[in-house]
Amino acid sequence: MKIRFMLVYAAILSIVACTNSSENKEINNQSFTVTSPILIDTSFTNEYVADIHALKNVEIRTRIKGFIDKIHVDEGQIVKQGQLLFTINSQELKQELLRANAQLKNAIAEYKMIEVELNNTKTLVEKNIVSKSELEMVKAKLEAANAKIEESESIISSVKLNIEFASVKAPFNGIINRLPLKAGSLLDEGTLLTTISDNSEVFAYFHLSEKEYLEILYEKNEQQNQIVNLVLANGKVFNNKGKIETAESEIDKNTGNLAFRARFKNENNILKHGSSGKIALVTKLKKATIIPQKSTFEIQENNYVFTIDKNNVVSTKSIKILQRLPHLYVIESGLSTNDKILYEGIQNVKQGDKINSTFIALNKLLSASQISK
């Protein structure tokens, strides 16, 4: 039994040895292309979800009670500043104005009567017919009468203002949105009549991480970084370029992001208040280290390449990827231009293999494969 076991074990070792010998022979006979990272000036575009807001978007609300007498505009209509939008029934206000004017006339008449009484009292005091206290009482009555006049004038001004509020006008040039009420509707003070939007320009609000914000802040060509594109919901780029105008003063503690605002001209009113899109922000890189994507592989969410030493021995090296470009990776750390990496065939080698290699500069490989930088 022991002899049989030894014979089987020897046979297995022989098979394994033959297999390993065959694999090593295959690697030794195969020539692999090796290259090195290069430095280039390039750029990449990041997209950030944006909320679109009109330059002005306000609610039009009634400031008085009443009924809608007439609606002078329609939904989606372009209006000018000061244009009449709604007329609210103001008959009751006009009656209040008549009463207020009548009260004012009475107050003025009463004032004049007391004024005559005051002059007579002054004469009587000079002749010592009445005491000075009588004169003071008449003066107080005159002041009270004057207060009534002022009160009446105030009421008249208030009623006239309310009558003006009965004619609801556009606060600025814009587009009328939905009209939730119709003519004849009963209104309370503050009832929403419609909203109006000035879309001649729009604001796009988006968020950057603190790291991205600092990269933009320290970018040498700062003016260039302030110019952005807007990608619309259909995937097309908006005709006009925008400019980053401002940012919030605080970083959100929950997200670690900072809100930015970009302004876009919108002459044809293509963009509407409440639209969605993406801000396309171009970041320039100077002397960026790049390698082909096909030279990398991933293990448990970490990225690696195979490096080749002077003895053509394969080693695994961890890298950190900064940005993905078409067919290329921008490397943040882990490689230098002095390193030699396996260009392709990474699935055919493993750590510690010794290979036959041919070095070809990455520029030539990119040109030969027509990979755009």
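Before any of the text, the structure's been laid out above.
Here is what the cut-offs are and how they apply
- Residues numbered from 1 in each chain as written.
- Predicted model: local features only at pLDDT ≥ 70, side-chain atom pairs only at ≥ 80, totals over all residues.
- Heavy atoms only, no water.
- Phe/Tyr/Trp six-rings, centres within 6.5 Å; stacked < 30°, edge-to-face > 60°.
- Buried < 20%, exposed > 50% of the residue type's maximum accessible area, 1.4 Å probe, protein only.
- Lys NZ or Arg CZ within 6 Å of the ring centre and 35° of its normal.
- Helix = DSSP H or I, 4+ residues; strand = E, 2+ residues; numbered from the N terminus.
- Contact = heavy atoms within 4.5 Å.
- Expected span 1.5 Å × (residues − 1).

Caption draft 1: Summary view of the packing of aromatic side chains. Applying the stated criterion to the full structure yields seven aromatic pairs. On the basis of an interplanar angle of 65° and a centroid distance of 6.4 Å, the ring pair of Phe203 and Tyr205 is categorised as edge-to-face. Phe203 sits in the buried class, given a relative accessible area of 9%. A network of ring pairs unites the aromatic residues Tyr48, Phe206, Tyr213 and Phe260 as a single cluster. The ring of Phe203 carries Arg261 above its face, with NZ or CZ at 4.3 Å from the centroid. The residue whose ring lies beneath Lys340 is Phe359, and the NZ or CZ to ring-centre distance is 5.6 Å.

Caption draft 2: Examining the side chain of Thr307 more closely. In this fold, Thr307 is placed in strand S15 (residues 302-308). Discounting residues that sit within four places of it in the chain, Thr307 has contacts with Val313, Val314, Ser315, Lys317, Leu335, Lys340 and Ile341.

Caption draft 3: Molecular detail of helix H2 (residues 91-126). Its 36 residues give H2 an end-to-end C-alpha distance of 53 Å, which sits within 8% of 52 Å, the value for a rise of 1.5 Å per residue. For H2, the full list of buried residues reads Leu93, Leu97, Ala100, Leu104, Ala107, Ile114, Leu118, Thr121 and Val125. Close packing links the buried residues of H2 with helix H3 (132-165). A positive backbone phi angle near 60° is found at Asn128, which sits one or two residues after H2.

Caption draft 4: Geometry of unusual backbone geometry. The phi angle at Lys287 is positive, at roughly 55°, despite the residue not being glycine. Looking at where Lys287 falls in the secondary structure, it is placed in strand S13 (residues 276-292). Residue classification places Lys287 among the exposed residues on the basis of a relative accessible area of 65%. If you check the backbone angles, Glu301 has positive phi at about 65° while not being a glycine. If you trace the backbone, Glu301 turns up in the loop between strand S14 (296-299) and S15.

Interpretation in functional terms is not warranted from these geometric data alone.
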